[in-house]
Amino acid sequence: MQDRIRLVLIYGSVREERFCDQVVAWAREQIEQRSEFELSLVDPAVMFRQPGEAPAIAEQRYQSLQQLLRADAFLIVTPEYNHGYPAALKQFIDEVPASWEARPVGFVSYGGVSGGLRAVEQLRQVLAESSMGFVCTP
Ligand SMILES: Cc1cc2nc3c(=O)[nH]c(=O)nc-3n(C[C@H](O)[C@H](O)[C@H](O)COP(=O)(O)O)c2cc1C
(Lines give C-alpha, C1' and ligand atoms only; values in the text may rest on other atoms or scores of the structure.)
Protein backbone atom coordinates (compact mmCIF):
# COMPACT_ATOMS: atom_id res chain seq x y z
CA MET A 1 0.00 0.00 0.00
CA GLN A 2 1.24 3.46 -0.86
CA ASP A 3 1.96 5.41 2.32
CA ARG A 4 3.04 8.80 0.95
CA ILE A 5 0.81 11.51 -0.52
CA ARG A 6 1.68 12.10 -4.17
CA LEU A 7 1.68 15.87 -4.30
CA VAL A 8 2.04 17.55 -7.68
CA LEU A 9 3.24 21.15 -7.68
CA ILE A 10 2.18 23.10 -10.79
CA TYR A 11 3.99 26.24 -11.94
CA GLY A 12 1.60 29.12 -12.68
CA SER A 13 3.97 31.17 -14.81
CA VAL A 14 5.65 30.17 -18.05
CA ARG A 15 7.46 33.47 -18.63
CA GLU A 16 11.18 33.39 -19.33
CA GLU A 17 13.11 34.48 -16.23
CA ARG A 18 9.95 34.01 -14.22
CA PHE A 19 9.97 34.79 -10.52
CA CYS A 20 7.93 31.61 -10.14
CA ASP A 21 11.16 29.58 -10.05
CA GLN A 22 12.16 31.26 -6.79
CA VAL A 23 8.76 30.77 -5.20
CA VAL A 24 8.72 27.13 -6.27
CA ALA A 25 12.19 26.66 -4.75
CA TRP A 26 10.89 28.05 -1.46
CA ALA A 27 7.75 25.88 -1.52
CA ARG A 28 9.79 22.82 -2.41
CA GLU A 29 12.10 23.39 0.54
CA GLN A 30 9.09 23.53 2.89
CA ILE A 31 7.46 20.42 1.44
CA GLU A 32 10.62 18.33 1.40
CA GLN A 33 10.90 18.74 5.16
CA ARG A 34 7.68 16.72 5.41
CA SER A 35 8.17 12.99 4.97
CA GLU A 36 4.49 12.34 4.19
CA PHE A 37 4.75 13.91 0.72
CA GLU A 38 6.18 12.48 -2.48
CA LEU A 39 6.66 15.69 -4.44
CA SER A 40 6.83 16.15 -8.19
CA LEU A 41 6.96 19.36 -10.20
CA VAL A 42 4.94 19.98 -13.36
CA ASP A 43 5.72 22.91 -15.63
CA PRO A 44 2.95 23.98 -18.06
CA ALA A 45 5.73 25.34 -20.29
CA VAL A 46 6.58 21.80 -21.42
CA MET A 47 3.06 20.38 -21.62
CA PHE A 48 2.29 21.58 -25.15
CA ARG A 49 4.32 20.19 -28.03
CA GLN A 50 6.46 22.79 -29.80
CA PRO A 51 7.93 22.39 -33.29
CA GLY A 52 11.55 21.28 -33.14
CA GLU A 53 11.58 20.65 -29.41
CA ALA A 54 14.35 18.56 -27.86
CA PRO A 55 13.57 14.90 -27.11
CA ALA A 56 14.22 15.63 -23.42
CA ILE A 57 11.20 17.98 -23.39
CA ALA A 58 8.94 15.26 -24.79
CA GLU A 59 10.24 12.88 -22.12
CA GLN A 60 9.59 15.49 -19.41
CA ARG A 61 6.04 15.93 -20.74
CA TYR A 62 5.47 12.18 -20.63
CA GLN A 63 6.73 11.96 -17.04
CA SER A 64 4.59 14.94 -16.04
CA LEU A 65 1.46 13.35 -17.52
CA GLN A 66 2.08 10.20 -15.50
CA GLN A 67 2.48 12.27 -12.33
CA LEU A 68 -0.67 14.31 -13.04
CA LEU A 69 -2.74 11.18 -13.54
CA ARG A 70 -1.42 9.54 -10.34
CA ALA A 71 -1.66 12.64 -8.15
CA ASP A 72 -3.33 12.53 -4.75
CA ALA A 73 -3.19 16.31 -4.29
CA PHE A 74 -2.07 19.45 -6.08
CA LEU A 75 -0.27 22.66 -5.17
CA ILE A 76 -0.50 25.56 -7.62
CA VAL A 77 2.17 28.25 -7.35
CA THR A 78 0.83 31.26 -9.22
CA PRO A 79 1.44 34.97 -9.78
CA GLU A 80 -1.30 37.49 -10.43
CA TYR A 81 -1.61 39.01 -13.92
CA ASN A 82 -4.18 41.76 -14.48
CA HIS A 83 -6.23 40.75 -11.43
CA GLY A 84 -6.39 37.15 -12.55
CA TYR A 85 -4.15 34.15 -13.03
CA PRO A 86 -1.95 33.55 -16.09
CA ALA A 87 -3.55 32.45 -19.35
CA ALA A 88 -1.04 29.61 -19.67
CA LEU A 89 -2.33 28.15 -16.41
CA LYS A 90 -5.91 28.27 -17.73
CA GLN A 91 -4.86 26.47 -20.90
CA PHE A 92 -3.13 23.86 -18.76
CA ILE A 93 -6.23 23.31 -16.58
CA ASP A 94 -8.49 23.14 -19.64
CA GLU A 95 -6.40 20.89 -21.85
CA VAL A 96 -3.98 18.73 -19.86
CA PRO A 97 -5.43 15.56 -18.33
CA ALA A 98 -4.98 15.28 -14.56
CA SER A 99 -6.75 13.50 -11.73
CA TRP A 100 -8.38 16.73 -10.52
CA GLU A 101 -11.64 15.09 -9.49
CA ALA A 102 -12.23 15.22 -5.72
CA ARG A 103 -8.56 15.89 -4.98
CA PRO A 104 -7.39 18.62 -2.60
CA VAL A 105 -5.60 21.62 -4.07
CA GLY A 106 -3.53 24.21 -2.24
CA PHE A 107 -2.25 27.53 -3.47
CA VAL A 108 0.89 29.59 -3.04
CA SER A 109 0.43 32.98 -4.65
CA TYR A 110 2.57 36.04 -5.22
CA GLY A 111 2.45 39.29 -7.13
CA GLY A 112 2.24 42.97 -6.30
CA VAL A 113 0.39 44.48 -3.35
CA SER A 114 -2.31 41.81 -3.38
CA GLY A 115 0.16 38.93 -3.10
CA GLY A 116 -1.77 37.12 -5.81
CA LEU A 117 -5.03 37.05 -3.86
CA ARG A 118 -7.22 37.69 -6.89
CA ALA A 119 -5.51 34.97 -8.91
CA VAL A 120 -6.41 32.45 -6.21
CA GLU A 121 -9.99 33.73 -5.96
CA GLN A 122 -10.43 33.03 -9.66
CA LEU A 123 -8.76 29.63 -9.47
CA ARG A 124 -11.12 28.55 -6.73
CA GLN A 125 -14.09 29.31 -8.99
CA VAL A 126 -12.61 27.50 -11.98
CA LEU A 127 -11.39 24.42 -10.12
CA ALA A 128 -14.72 23.99 -8.35
CA GLU A 129 -15.88 22.68 -11.74
CA SER A 130 -13.64 19.67 -11.11
CA SER A 131 -15.04 19.07 -7.61
CA MET A 132 -11.75 19.82 -5.92
CA GLY A 133 -11.34 20.50 -2.23
CA PHE A 134 -9.50 23.67 -1.29
CA VAL A 135 -6.70 24.19 1.18
CA CYS A 136 -6.00 27.91 1.45
CA THR A 137 -3.22 29.25 3.59
CA PRO A 138 -2.49 32.98 3.69
C1 LIG B 1 1.12 40.92 -17.58
C2 LIG B 1 1.30 41.18 -16.10
C3 LIG B 1 0.26 41.63 -15.36
C4 LIG B 1 0.40 41.83 -13.97
N5 LIG B 1 -0.69 42.20 -13.25
C6 LIG B 1 -0.59 42.25 -11.89
C7 LIG B 1 -1.75 42.50 -11.10
O8 LIG B 1 -2.85 42.70 -11.59
N9 LIG B 1 -1.62 42.52 -9.77
C10 LIG B 1 -0.41 42.28 -9.15
O11 LIG B 1 -0.36 42.29 -7.93
N12 LIG B 1 0.70 42.05 -9.88
C13 LIG B 1 0.63 42.01 -11.23
N14 LIG B 1 1.74 41.74 -11.97
C15 LIG B 1 3.03 41.52 -11.29
C16 LIG B 1 3.33 40.05 -11.21
O17 LIG B 1 2.40 39.37 -10.37
C18 LIG B 1 4.74 39.86 -10.62
O19 LIG B 1 5.68 40.56 -11.45
C20 LIG B 1 5.12 38.42 -10.55
O21 LIG B 1 6.34 38.30 -9.86
C22 LIG B 1 5.27 37.79 -11.93
O23 LIG B 1 5.54 36.43 -11.79
P24 LIG B 1 6.42 35.59 -12.84
O25 LIG B 1 7.71 36.38 -13.05
O26 LIG B 1 6.68 34.28 -12.16
O27 LIG B 1 5.63 35.47 -14.09
C28 LIG B 1 1.64 41.58 -13.35
C29 LIG B 1 2.73 41.15 -14.14
C30 LIG B 1 2.56 40.93 -15.49
C31 LIG B 1 3.73 40.41 -16.32
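Relevant structure appears above.
The structure reproduced in this document is the subject of the present report. (Residues numbered from 1 in each chain as written. Predicted model: local features only at pLDDT ≥ 70, side-chain atom pairs only at ≥ 80, totals over all residues. Heavy atoms only, no water.)

### Side note on the site of the ligand
Heads up, the rule is: Being near a molecule or strand, for a residue, comes down to having at least one heavy atom within 4 Å of it. We define a polar contact as two N or O atoms separated by no more than 3.5 Å, with the added condition that, inside protein, one atom must be a possible hydrogen donor and the other a possible acceptor, whereas residues neighbouring each other in sequence contribute only through side-chain atom pairs. Under the convention used here, a 1.4 Å probe and the Shrake-Rupley method define accessible areas, while residue burial counts only the protein chains that appear. Three residue categories are used. Nonpolar comprises Ala, Val, Leu, Ile, Met, Phe, Trp, Tyr, Cys and Pro, charged comprises Asp, Glu, Lys and Arg, and polar comprises the others, including Gly.
Every one of the 16 residues lining the ligand counts as a neighbour, but Ser13, Glu80, Tyr81, Tyr110 and Gly112 are closest to it. Here Cys20 contributes a backbone N or O atom positioned 2.8 Å from an oxygen atom of the ligand. Asn82 places a main-chain nitrogen or oxygen 2.7 Å from a nitrogen atom of the ligand. The fraction of the free accessible surface of the ligand (630 Å²) that becomes covered by protein chains is 71%. When its residues are assigned to classes, the shell around the ligand shows 6 nonpolar, 6 polar and 4 charged.

### Focus: the pairing of strand β4 (residues 104-110)
As a reminder of what qualifies: For the exposure calls, accessible area comes from a 1.4 Å probe over protein chains only, and a residue counts as buried if that area is under 20% of its type's maximum, exposed if over 50%, partly exposed in between. For helices the rule is a DSSP run of H or I covering at least 4 residues; for strands it is a run of E covering at least 2, with both sets numbered from the N terminus onward. Place the viewer so that the strands point away; then a crossover is right-handed whenever the path from the first strand over the helix to the second strand goes clockwise.
Extensive coverage of β4 is indicated by the burial of 5 of its 7 residues. Handedness of the crossover is the feature at issue here: the chain leaves strand β3 (residues 73-79), passes through helix α3 (residues 87-95), returns alongside β4, and the resulting connection is right-handed.

### Some details on the packing of α3 against helix α4 (residues 117-127)
Stated formally: Angles here are taken between N-to-C directions and fall from 0 to 180 degrees, while the axes themselves are lines fitted to C-alpha atoms, restricted in helices to the stretch in contact. Working definition: roughly parallel below 35 degrees, roughly antiparallel above 145 degrees, roughly perpendicular at 65 to 115 degrees, and oblique for all remaining angles. Two helices that cross are described as forming a left-handed crossing if the nearer one is turned anticlockwise from the farther one by less than a right angle, and a right-handed crossing if clockwise. In what follows, a contact means two residues having at least one pair of non-hydrogen atoms within 4.5 Å.
Direction vectors running N to C along α3 and α4 enclose 15 degrees, while the axes themselves pass 12 Å from each other. By the criterion of interaxial angle, the relationship of α3 to α4 is roughly parallel. In the crossing of α3 with α4, the sense of the turn from one axis to the other is right-handed. Here α3 contributes Leu89, Lys90 and Ile93 to the contact with α4, which in turn contributes Leu123, Val126 and Leu127.

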